[in-house]
Structures are given as structure tokens and as C-alpha cells.
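# Chain and residue survey
Given next are the chains, with one letter for each unit.
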Amino acid sequence: GAGVSQSPSNKVTEKGKDVELRCDPISGHTALYWYRQRLGQGLEFLIYFQGNSAPDKSGLPSDRFSAERTGESVSTLTIQRTQQEDSAVYLCASSFLIPGAAGNTIYFGEGSWLTVV
Amino acid sequence: KQEVTQIPAALSVPEGENLVLNCSFTDSAIYNLQWFRQDPGKGLTSLLLIQSSQREQTSGRLNASLDKSSGRSTLYIAASQPGDSATYLCAVTGFQKLVFGTGTRLLVSP
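Let us look at the structure shown here. Model, not experiment: these values are computed from the prediction.

What counts, and where the lines are drawn
Residues numbered from 1 in each chain as written. Chains lettered and ligands numbered in written order. Predicted model: local features only at pLDDT ≥ 70, side-chain atom pairs only at ≥ 80, totals over all residues. Heavy atoms only, no water. Helix = DSSP H or I, 4+ residues; strand = E, 2+ residues; numbered from the N terminus. Rg over C-alpha atoms; globule rule 2.2 N^0.38 Å. Buried < 20%, exposed > 50% of the residue type's maximum accessible area, 1.4 Å probe, protein only. Areas by Shrake-Rupley, 256 points an atom, 1.4 Å probe, with all protein chains shown as cover. Lys, Arg positive; Asp, Glu negative; His and termini not counted. Charge placed at Lys NZ, Arg CZ, Asp CG, Glu CD. Contact = heavy atoms within 4.5 Å. Salt bridge = Lys/Arg side-chain N within 4 Å of Asp/Glu carboxyl O. Polar contact = N/O pair within 3.5 Å; in protein donor to acceptor, adjacent residues only side chain to side chain. Nonpolar A, V, L, I, M, F, W, Y, C, P; charged D, E, K, R; others polar.

## Looking at the overall build of chain A
On a plain count of helices and strands, chain A comes out with zero helices and eleven strands. Overall, chain A shows an N-to-C arrangement of helices and strands of β-β-β-β-β-β-β-β-β-β-β. For chain A, the C-alpha radius of gyration of 13 Å lies close to 13 Å, the compact-globule estimate for 117 residues. For chain A, buried positions account for 49% of its 117 residues. For chain A, the exposed surface amounts to about 5,300 Å²; the carbon and sulfur share of it is 46%. Computed over 10 positive and 12 negative side-chain charges, the inter-centroid distance for chain A is 4 Å.

Following this line, the structure appears as C-alpha cells:
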């Protein structure tokens, strides 16, 4: 696709329910990232994929959070037993090369806005 | 651990002014530095990327500089316009991820 696509764009869920957030990266991009941004705060790194592998999942805040990527394309971020503090916008990004490659621009989607009530 | 700081946190200027946004980082072992713009309720739009071997990049009215040894970058916006109003984020790239600053919220008044 032309850009990074995320769905749903907005999700309201009840505390304790599970949610799945989807990211479609730019076609051909090998690197994919998930970030979280709480209201009025900065971006927190969650996980990075290179291909279908996640060499860095150090940012996942708890074992309720998991992510997978298949076909070196679509990624799903799953939050189990959601809590109110999970309310945030979840941003996905992709890039053609590994993060540290010179001149490697990283492109972001519009985000999935999650509200846990 | 890399830490990125942006100053000022907020800035309000009249239309037409030239302005400078500052970004500093604690670990100079970076690969790239990227400036983004974030509009309310939207994702991030990439503005400029500076490789660690470069000193500056320009795009239209935007100019970004990088002094890697001192851990600083600046984003210069010339002849500001109301449409420039947004939050500006800088991010430094280590080997495997970007680390973001908390942003500068810019308001340009007509």
C-alpha cells in the first residue's frame, strides 16, 4: 500500500476484555515497530520486528501484551485482560532497512486509539 | 540508556517569524536522527532525516542540523505559517529502535 495502515482506528473496550490491533506496513518494508503514546506523553517503544522475528521486545509492558508478524507483512498487537492504563494510541511504523541503516526513513501509521472503560 | 530532550516544550509565535526547535540526546552513538511532525489526533509525518555522518538536511522552509559529538540537533523553520502548528518530535536511531523526545508543541498565530 501507499502508507502504513492500522486498524481499527478507534476502539472502545471494557476492562478485562482482549483486543487485537492490526498493522499493514508499506509493501516491501522489512522492519516494523510498535509504539504507544498515552495522552499528553511521549512515545514509548514496545517491540521491533525484522522480518517475522522480534529481536527486541524489551518495551512490552507486561505479559498481557504480545505481538506477532506473519509473511513479513501484517503484524498484530494483542492486549489481554485490558486495564484502564492501557488506554493510549498505539502507533505502528515500518522501514525498508534495519533501524540503524544510514538514511533509513521510518514511516508511521495514523494509529489505533484504544479506550478502556 | 539513551535519553532525548526537547526544548522548549511549547512555543507560540506570530506568523512570519523564523524559529528554532532544539533536541539533545545523551548517547552520541546514533545512526540517524529524524524529525517528525504530529498533528492532533494523527500519526507522525516524517519531515527530515539526518544520517550520523551528515551535518544538515534541508526541505523547503525546514533545515535540520546535527552535531553528533555534542549530542544536539536543531530544526529551523523559516517564515512560519499557521499551518506549521503541530507538535514536533525528534527521534534518534540506535541499532534497533528509535528513541523519541517528548516534543515541542508549536502554535503559529495568524
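## Considering the interface of chain B and chain A
Each side of the interface is counted separately: chain B has 20 residues, and chain A has 23 residues. Where chain B touches chain A, the interface holds one salt bridge. Ionic pairing is found between Lys42(B) and Glu110(A), a salt bridge with its closest N-O pair at 3.9 Å. Counting across the interface, chain B meets chain A through three residue pairs in polar contact (both at pLDDT 80 or more). For the side of chain B that touches chain A, the secondary structure elements donating two or more residues are β4 (32-38), β5 (44-51), β9 (86-93) and β10 (98-100) of chain B. Residues that form the side of chain B that touches chain A fall into these classes: eight nonpolar, ten polar and two charged.

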